Protein chains: 2
Amino acid sequence: MYSDKFSKDVSNFFRSPVREIFKRVDLNAIYSFAGGYPNASTFPLEQIKTLSGLVVDKWGASAFQYGATQGVPVLREAVASRYGVDVSNVQITTSSQQGIDVCARVLVDPGDVILTGNPTYLGALQSFRSYRADIVGVSDFKWEEAIQGCLSEGKKIKFLYMIPDFQNPTGETLTLEQRRVLVDLAKKYDFLIVEDSPYRELRYEGEHLPTMYSLAPEMVIHLGSFSKIFAPGFRLGWILAPQEVLDSIYVCKQSLDLCPPVFDQYMAAEFLSSGMLDKNLLKSIELYRSKRDHLLSLLEKYMPQGVSWTHPQGGLFLFLRLPEGFDSVAFYDKALDAGVAYVSGAFFYPAYTDKSKESTEGLNTMRLNFSFLATERMEPGIKLLSSLIKETI
Amino acid sequence: MYSDKFSKDVSNFFRSPVREIFKRVDLNAIYSFAGGYPNASTFPLEQIKTLSGLVVDKWGASAFQYGATQGVPVLREAVASRYGVDVSNVQITTSSQQGIDVCARVLVDPGDVILTGNPTYLGALQSFRSYRADIVGVSDFKWEEAIQGCLSEGKKIKFLYMIPDFQNPTGETLTLEQRRVLVDLAKKYDFLIVEDSPYRELRYEGEHLPTMYSLAPEMVIHLGSFSKIFAPGFRLGWILAPQEVLDSIYVCKQSLDLCPPVFDQYMAAEFLSSGMLDKNLLKSIELYRSKRDHLLSLLEKYMPQGVSWTHPQGGLFLFLRLPEGFDSVAFYDKALDAGVAYVSGAFFYPAYTDKSKESTEGLNTMRLNFSFLATERMEPGIKLLSSLIKETI
């Protein structure tokens, strides 16, 4: 009865299969390699108790009143100083997901092209698709070919969306040279880059590489998140961007939700400026490194021939490639019934998530998360998953 | 350099003059009747301290992890039970402003008509305009005339937006009969009603009237807010709506921000279910009633002939009407320089906020807030404003 009432955008909405999994099962009751959840043990519960009292005493009523749309000054300044940028280039967002969505909102009209990795973050695909963007997923770093293909068809490229550090879902990282190439392409073809880097500080080996934003601040919108360095329950992220772009985002955000959660912002500001964040981050990195190593050794031990996987230097995920013909979407129910969960890699491919296409791209892949599941439960989980895969291939 | 990169929507964005005021002055340093801020003394700081410890102890890590997109079950259930609806009809939002915005997002295409009061809430106008809706402001309850006008021009009416209780900006309330008329029009002409009621529980006299949602749950999307009954710094509101509508909003919200702030939700749930909310609300009502009465008596005492105002039964605002020809936008700088702030009523009129029109509608009106300013500062504030007005008219 409502179908004639919805906007055109709605026909392009698609549900997150990851969030649907969360509705269906209690993640704590199974071996879950599915979500992108931080490990609950990294949440500094006792410190949060102390901090919440401190925030009330120090900031009083202003922590509970409406706040500035750009974010409370003390948090904007803490972010600016941590990342070496001017405070006028910092917008606090109500989650990093909002950062992605608001970029699409202010930059994209229906039919405009967004270039993305292939695969790329599902939540970005959901948002971009909902604005009826033409999402062009690019494999094997063949960006210039894809760009020229779009231009020859008369399409308008609005931005390139990229997760340079420990990508979701593959765990892969762009080299410095690759970052430079992307930035040069943005300049050459005059489009923006949306650099989404929620896992950036979770590096377990190798050297930190510069952000694309630092290489070309006039061409890049950088998105950061407190979800992986503090806690996702405080819905907070940030945008670093040229002021003119930020100004449109700011006005948009007024009508989206007026301002980010204010108490949450003071909590994050105090957590950051007290040094607790960095101490806690070191512990998270230790934990996640050992969990990554454990998962890699378990895959080595249990996975059958014909299965390969990425070796991420950081982040929360690795990506499994199964023999051609394997259907990780169909296989999912079998795995879940047996008590083990993952996310099919297909959901991260623009082609597979496009209703108008009948693509099988990515069906022989799986994203495995290693941050959430307790370390001692990883071995039975992978053993189970491996044996189910062995039965199937 | 970025002008060719923005989406078409951006050309329709307009800044909130209210939020611009907040950037310009320290509200605590002047006599401010401007914002829609609750009084800081209504924030239960000591209870919040206690509750935050309780939430950590009771809910542990789950208060800091990602949450369900619909909201955490305990808060959805508390809202459902307070308002006598089924939990499946409840979506928690990241602020009531998000509720407004997401309705426009899932219902409106460029050019679609949204019927509104004339004047109506500025933040709704910002959102609706940003989706390039055709906003038709309706005065003097001439709804059917306006509807037939739209239909005769071949326009599609998507919904009627209405604040039935203590409207922002006028403070006026729809009678039960008027609510019935609107609901009947919605049925007759087959459009939805978005019923925005953030002030509903702040009634200082008269009897509570049924929501339009309760009169016709299949035609109405009801928006509620925790900002006026708990604290706006926790960005939380709720939507009550038919399940089919809610389902589209739910999928949209996945890509907007994944889920509402989780810790904030547990705080609100505990505040509500412990009974603290109702106790605190009684105190807020006492305070605001006395502030309203005080403002009404001050206007009576100081305002010159030719100025009239509304007598709200609740909420945070009343509306001042000055002689024809008075320009409350131009007058604003003079008032601010002298140390008193209000919001020009013009900003709440769809015509005035439409760049394509050159309307002077509402220029002879002012919105006055009576919740924010300390009671003892209201008299010098109104005395000053009145004398400035007297000099001008």
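Here, residues in each chain are numbered from 1, in the same order as that chain's written sequence. Key to labels: chains lettered from A, ligands numbered from 1, both in the order written. Thresholds applied to this predicted model are a pLDDT of at least 70 for local features of residues and 80 or more for the giving and counting of side-chain atom pairs; totals over whole chains, interfaces and linings are not thresholded and use all residues. Calculated side-chain values reflect all of the structure's heavy atoms, with hydrogen atoms and water omitted.

**Some thoughts on the overall build of chain A**
Quick reminder of the rule: In this text, helices come from DSSP runs of H or I with a minimum length of four residues, and strands from runs of E with a minimum of two, each type numbered from the N-terminal end. Radius of gyration here is computed from C-alpha atoms only, and the compact-globule reference equals 2.2 Å multiplied by the residue count raised to the power 0.38. Note on classification: 1.4 Å probe, protein chains only; a residue is buried when its accessible area is under 20% of the maximum for its type, exposed when over 50%, partly exposed between these limits. We call two residues in contact whenever any of their non-hydrogen atoms come within 4.5 Å of each other.
Across its full length, chain A holds 13 helices and 13 strands. Its C-alpha radius of gyration of 21 Å places chain A within 12% of the 21 Å reference for a compact globule of 393 residues. Here the C-alpha coordinates of chain A stretch approximately 60 × 55 × 55 Å along the principal axes. Of all 393 residues assigned to chain A, the portion counted as buried reaches 65%. Relative to all contacts within chain A whose residues are 6 or more apart in sequence, the contacts with residues 24 or more apart total 74%.

**Let's talk about the packing of aromatic side chains**
For clarity, the cut-off: Here a Phe, Tyr or Trp ring, Trp counted by its six-membered ring, pairs with any other such ring whose centre lies within 6.5 Å, and the pair is stacked when the planes are under 30 degrees apart, edge-to-face when over 60, and tilted otherwise. By the criterion adopted, a ring carries a charge over it if an Arg CZ or a Lys NZ lies within 6 Å of its centre and within 35 degrees of its normal.
All told, the structure shown has 39 aromatic pairs over all chains when counted by the stated rule. Their ring planes at 20 degrees and their centres at 4.9 Å tell us that Phe230 of chain A and Phe234 of chain A sit as a pair that is stacked. Given a relative accessible area of 0%, Phe234 of chain A falls into the buried group. A cation over a ring is seen here: Arg105 of chain A above Tyr131 of chain B, with NZ or CZ 4.0 Å from the ring centre.

**Here we look at the relation of the copies chain A and chain B**
Comparison of the two chain copies shows a relationship of rotation about an axis with a shift along it. We count it as follows: Only residues with pLDDT of at least 70 in both copies contribute their C-alpha atoms to the least-squares superposition of the copies.
Under the fitted operation, chain A is carried onto chain B by 0.0 Å of movement along the axis and a turn of 180 degrees, and the coordinates agree to an RMSD of 0.0 Å. Taken together, the turn and the small shift mark the pair as related by a two-fold rotation axis. Among all residues of chain A, the minimum C-alpha distance to the rotation axis is found for Ser52 of chain A, at 3.4 Å. Here 100% of the interface residues in chain A have copies in chain B that are interface residues too; the copies meet face to matching face.

**Digging into helix α7 (residues 176–189) of chain A**
Residue and element names in this part refer to chain A. Selection criterion: To estimate how far a helix should extend, the number of its residues minus one is multiplied by 1.5 Å. Picture the helix axis, draw a direction to every C-beta atom, and the arc is the one those directions span.
Compared with an ideal rise of 1.5 Å per residue, which puts 14 residues at 20 Å, α7 spans 20 Å between its outermost C-alpha atoms and is within 8% of the ideal. By the burial criterion, the buried members of α7 are Arg179, Leu182, Val183, Leu185 and Ala186. Angularly, the buried residues of α7 cover 155 degrees about the axis, an arc narrow enough to put them on a single face. Turned more than 90 degrees away from the buried face of α7, the exposed residues are Glu177 and Lys188. In the core, the buried residues of α7 are packed alongside α6 (143–152), β5 (157–162), β6 (192–196) and α8 (212–215). Of the residues trailing α7, Asp190 is marked for its positive phi of about 55 degrees.

**Focus on the pattern of salt bridges**
Put simply, the rule is: Any Lys or Arg side-chain nitrogen found within 4 Å of a carboxyl oxygen on Asp or Glu counts as a salt bridge.
Enumeration over the complete set of coordinates arrives at 48 salt bridges over all chains. The salt bridge involving Arg105 of chain A is made with Asp9 of chain B; its shortest N-O contact spans 3.3 Å. Here Arg105 of chain A is found in helix α4 (residues 96–107), whereas its partner Asp9 of chain B is found in the segment before α1 (17–24) on a different chain. A relative accessible area of 2% places Arg105 of chain A in the buried class.

**Concerning the packing of helix α4 (residues 96–107) of chain B against helix α5 (residues 122–130) of chain B**
For any two helices packed against each other, one specifies the crossing angle of their axes together with the interaxial distance. All names here are of chain B. What counts is decided by this rule: Here the axes come from fitting lines to C-alpha atoms, over the contacting stretch only for helices, and the angles between their N-to-C directions go from 0 to 180 degrees. Any angle from 65 to 115 degrees is called roughly perpendicular, while one under 35 is roughly parallel, one over 145 is roughly antiparallel, and all others are oblique. By definition, turning the near helix anticlockwise from the far helix through less than a right angle yields a left-handed crossing, and turning it clockwise yields a right-handed one. The nonpolar class holds Ala, Val, Leu, Ile, Met, Phe, Trp, Tyr, Cys and Pro. Asp, Glu, Lys and Arg form the charged class, and all remaining residues, Gly among them, are polar.
Between α4 and α5, whose axes approach to 9 Å, the crossing angle comes to 30 degrees. The angle between α4 and α5 falls in the class roughly parallel. For the pair α4 and α5, the crossing hand works out as right-handed. Taken together, the residues of α5 that come into contact with α4 (itself represented by Gln97, Ile100, Asp101 and Ala104) are Gly123, Ala124, Ser127 and Phe128. Per-class residue counts for the contact of α4 with α5 are four nonpolar, three polar and one charged.

**Details of the interface of chain A and chain B**
The following threshold applies: For any pair of parts, buried area is found by adding up, for both, the accessible area (1.4 Å probe) each one loses once the two are put together.
Of the residues lining the interface, 90 residues belong to chain A; the matching set on chain B comes to 90 residues. Buried area between chain A and chain B, summed over both chains or domains, comes out near 7,400 Å², and the portion from carbon and sulfur atoms is 56%. Here chain A and chain B share eight salt bridges between them. The closest approach of N and O atoms between Lys49 of chain B and Asp57 of chain A, which form a salt bridge, is 2.6 Å. Going through the elements one at a time, α1 (17–24), α2 (45–59), α4, α5 (122–130), α9 (243–257) and α10 (262–273) of chain A are the ones with two or more residues in the side of chain A that touches chain B. A per-element tally of the side of chain A that touches chain B places α9 of chain A first, with eleven residues.

**Thoughts on unusual backbone geometry**
Residues and elements named next belong to chain B. Here the residue pair Asn118 and Pro119 is connected by a cis peptide bond, since its omega of 10 degrees sits within 30 degrees of zero. Assignment of secondary structure puts Pro119 in the loop between β3 (113–117) and α5. Residues Asn168 and Pro169 are joined by a peptide bond in cis, for which omega reads 20 degrees. Examined against the element boundaries, Pro169 turns out to sit in the loop between β5 (157–162) and α7 (176–189).

**A closer look at the environment of Thr69 of chain B**
Residues and elements named next belong to chain B. For clarity, the threshold we go by: Counting of polar contacts relies on pairs of N or O atoms within 3.5 Å, with two restrictions inside protein: one atom must be capable of donating a hydrogen and the other of accepting it, and residues adjacent in sequence are counted only when both atoms are side-chain atoms.
Inspection of the secondary structure assignment puts Thr69 in the loop between α2 (45–59) and α3 (73–83). Judged by relative accessible area, Thr69 falls into the buried class, the value being 2%. Sequence separation of Thr69 and Arg180 is 111 residues, and the distance between their C-alpha atoms is 33 Å. Polar contacts involving the side chain of Thr69 include one to the main-chain carbonyl oxygen of Leu258, which spans 2.8 Å.

**Quick word on the pairing of strand β6 (residues 192–196) of chain B**
Residue and element names in this part refer to chain B. For the record, the criterion: Note on pairing: DSSP must find at least two bridges between two strands before they are called paired. A crossover gets the label right-handed when its path from the first strand over the helix to the second runs clockwise, viewed with the strands pointing away from the viewer.
Counting buried positions along β6 gives five out of five residues, so the element sits mostly inside the fold. Neither face of β6 is left uncovered, since the one carrying Leu192, Val194 and Asp196 and the one carrying Ile193 and Glu195 both have all their residues buried. Pairing between β5 and β6: four bridges, direction parallel. In the sheet register, Met162 faces β6, and the bridge partner there is Glu195. For the crossover that starts at β5, traverses α7 and ends in the parallel β6, the hand is right-handed. Sheet topology places β6 next to strand β7 (residues 220–225); four bridges connect them, and they run parallel. Following the sheet pairing, Asp196 is matched in β7 by Leu223.

**What to know about the confidence of the model for chain A**
Selection criterion: Confidence of the predictor at the level of single residues is given by pLDDT, which spans 0 to 100.
Across chain A, the average pLDDT comes to 96, with 100% of residues at or above 70. Predicted complex metrics record ipTM = 0.97 and pTM = 0.97.

**Describing the sheet that holds β6 of chain B**
Residue and element names in this part refer to chain B. Pairing within the open sheet is mixed, and its seven strands lie in the order β2-β8-β7-β6-β5-β3-β4. Taken across any chain shown, the strands that pair with only one partner, and hence form the sheet edges, are β2 (90–93) and β4 (134–138). For this sheet, the mean angle separating the axes of adjacent strands, direction not counted, is 20 degrees. The sheet contacts of helix α6 (residues 143–152) involve β3, β4 and β5, and relative to β3 the element is tilted by about 160 degrees.

**Focus: the layout of surface pockets**
Over the atoms, a rolling probe the size of a water molecule traces out where space has been left empty. We apply this condition: Every definition here rests on a 1 Å grid over the protein atoms only: cavities are sets of points where a 1.4 Å probe fits but cannot get out, pockets are open sets enclosed by protein on both sides within 12 Å along at least five of seven lines, and lining residues have some atom within 4 Å of a point. Grid points are joined across faces, edges and corners, and a volume is the space filled by probe spheres set on the points.
The calculated volume of the largest pocket comes to roughly 690 Å³. Around the largest pocket, the lining comprises 29 residues; the ones closest to its centre are Leu27, Asn28 and Tyr37 of chain A together with Gln65 and Tyr66 of chain B. Every element with two or more residues in the lining of the largest pocket is listed here: α1 of chain A together with α10 (262–273) of chain B. Of all the elements, α1 of chain A adds the most residues to the lining of the largest pocket, at three residues. Of the residues that constitute the lining of the largest pocket, the class distribution is 17 nonpolar, eight polar and four charged.

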